[in-house]
Amino acid sequence: SNIVAIVGRPNVGKSTLFNRFLERREAIVDSTAGVTRDRHYGKSDWNGVEFTVIDTGGYEVDTEDAFQGEIIKQVELAVDEATSIIFMLNVAEGLTDTDIEIHEMLRRANKPVYIVVNKADSAREELAATEFYQLGISKYYTMSSATGSGTGELLDDIVRDFPTTEYKDPFEGLPKITIAGRPNVGKSTLTNALLDKEQNIVTDVAGTTRDSIQTLYNKFGHEFVLVDTAGMRRKAKVKEDLEFYSVMRSVRSIEYSDIVIIMVDATLGWESQDMNIFGLAQKNRKGIVIVVNKWDLVEKETNTTRDFEEQIKAKIGQFTDIPILFISALTKQRILKTVEVAMEVYANRAKKIKTSKLNEIMLPVFEKTPPPALKGKYVKIKYCVQLPTPSPQFVFFCNLPQYVKEAYKRFTENQLRKHFGFTGVPIEVYFRQK
Ligand code: GDP
């Protein structure tokens, strides 16, 4: 997939541009309410071409030499991960030394760089922007946050320059799994534990898209592919950096996968980074399995497992129909179970309910518990179908879809889970006019 990264000094307008890219698309496809969105990463499209946008400035940290460190981090991220780089400048502040430094770093990268001059709100500022030619560039784009003008030409050019290589998935049709989690949680240990010299075929495929490594495993009678991204392996200097890179790496792997195994450290509990990964997996509608690793280090009493499980469920919000396993990657405890559960979730995600069966079960449910009447009007649900999408999505046709509130959508989702079994899988429920 194509990735567009936005770099530049703080406050030049990176997030304005980022949000503009995202708004267009989220307005169309992301109609789910209550989903925590990761603000630093999102999908957009132009002329029918999809791409991912990274706002590299989203992780600005607040330490002594954060400023320089932040810039370097942004640029490294962009150079490692992006297909195209947008370098933003601000006409109000003019060309600064830092701008020149960033431009030097980007020049060495072998990627298309688009220079965007922000806050060019008037003819006078358009003229002032010509000072950026000092960078030795032949072209820049001007953008005005005030008028909203200027992104069309930029997007035309970015999309035109995307590499067009067709990627043929060598493991088409096999379950793809990402093991995600904070650094040192035990991801590598689990990956290695799954290796079995006798029955295992390992094939590292440096993806044509240059960023994904897919390894074919054959373990416990199941064939599956573990996905990892090649980028972001550089050694980070401080803790924030380590987590930052680790999240960005997960983002990419998650996109390529069907199932995300979120690994939590039993000695640390569910942390904010685990929440980020969970949010990403949910937003991307991937199957989810939570494994609590290093369970061998925990002193157990009667309710330890249940309490831990309750704690996680309390934190992850509404979507709690997710398997939680307690494992030790080190002693290989419940590794077989982990694979089996991941395969079950994979099957749940791919499940297609026959239209006749769906209506037969769901229409009586709606008869019995209809949506609450609003202003004396009654919602009548007449018919339902499952869409042919990779993850379960259902459309319910009715007379007054605008009267169906969030609570009833949740009720519908829970009924689908109860009757058809979608453990570990995010479900989308839409109400539409017949
Ligand atoms: P990664 O950064 O997520 O890949 O983590 P690693 O797999 O490198 O593991 C980090 C450290 O945790 C290593 O020292 C492992 O031996 C240790 N570790 C991993 N899994 C377990 C486990 O289940 N129990 C215990 N006690 N230690 C573990």
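Residues numbered from 1 in each chain as written. Predicted model: local features only at pLDDT ≥ 70, side-chain atom pairs only at ≥ 80, totals over all residues.

1. Structural notes on the site of the ligand
Here is step 1 of the chain: Lining the immediate surroundings of the ligand are 15 residues, of which Gly186, Lys187, Ser188, Thr189 and Leu330 lie closest.
Here is step 2 of the chain: Per-element accounting of the shell around the ligand gives the leading share, 3 residues, to helix H6 (residues 187-193).
Here is step 3 of the chain: Taken together, the residues of the shell around the ligand break down into 5 nonpolar, 7 polar and 3 charged. (Near = placed C-beta within 6 Å. Helix = DSSP H or I, 4+ residues; strand = E, 2+ residues; numbered from the N terminus. Nonpolar A, V, L, I, M, F, W, Y, C, P; charged D, E, K, R; others polar.)

2. Comments concerning the environment of Lys111
Here is step 1 of the chain: In this structure, Lys111 sits in the loop between helix H3 (97-108) and strand S5 (113-118).
Here is step 2 of the chain: Its 13 C-beta neighbours within 10 Å are what place Lys111 among the partly exposed residues.
Here is step 3 of the chain: Measuring from C-alpha to C-alpha, the distance between Lys111 and Ile85 comes to 7.2 Å, with 26 residues separating the pair along the chain.
Here is step 4 of the chain: Excluding its chain neighbours within four sequence positions, the residues that come into contact with Lys111 are Val79, Ala82, Ser84 and Ile85. (Buried ≥ 20, exposed ≤ 12 C-beta atoms within 10 Å, placed from the backbone. Contact = placed C-beta atoms within 7 Å.)

3. Overview of the nonpolar core
Nonpolar side chains in soluble globular proteins generally cluster together in the buried interior.
Here is step 1 of the chain: Counting residues in each nonpolar core, the largest one holds 99 residues, and the members touching the most others are Ala5, Ile261, Ile262, Val289, Ile290, Val292 and Ala342.
Here is step 2 of the chain: The contacts of Val289, once residues within four sequence positions are left out, are Ile259, Ile261, Pro323, Leu325, Val341, Ala342, Val345 and Gly424. (Core = buried A, V, L, I, M, F, W, Y, C linked by C-beta atoms within 7 Å.)

4. Here's the deal with the confidence of the model for the chain
Any segment with low pLDDT has predicted coordinates that should not be analysed in fine detail.
Here is step 1 of the chain: Here the chain shows a mean pLDDT of 82. Residues at 70 or above account for 82%.
Here is step 2 of the chain: In the predicted structure, residues 25-39 sits below a pLDDT of 50 and forms 14 contacts with residues beyond four places in sequence or in another chain.
Here is step 3 of the chain: For this predicted complex, the interface confidence score (ipTM) comes to 0.97, while the overall pTM stands at 0.68. (pLDDT = per-residue confidence, 0-100.)

5. Quick look at the sheet that holds strand S4 (residues 84-90)
Here is step 1 of the chain: Here we have 6 strands laid out as an open sheet, ordered S2-S3-S1-S4-S5-S6, and mixed in their pairing. In the strand order of this sheet, the two ends are held by strand S2 (41-46) and strand S6 (141-143), each with one partner. Within the sheet, the average angular offset between the axes of one strand and its neighbour, ignoring direction, is 30 degrees.
Here is step 2 of the chain: Of the pairings in the sheet, the one linking S2 to strand S3 (residues 49-55) comprises 6 bridges and is antiparallel in character. Residue pairing for S3: Asp45 is matched across the bridge by Glu50.
Here is step 3 of the chain: Most of the contacts of H3 go to S4, to which it runs at about 165 degrees, and overall it touches strand S1 (3-7), S4 and S5.
Here is step 4 of the chain: Across the sheet, helix H5 (residues 151-161) touches S1, S2, S3, S4, S5 and S6, and the angle it forms with S5 is around 170 degrees. (Pairing = 2+ DSSP bridges. Axes fitted to C-alpha atoms, helices over the stretch in contact; angles between N-to-C directions.)

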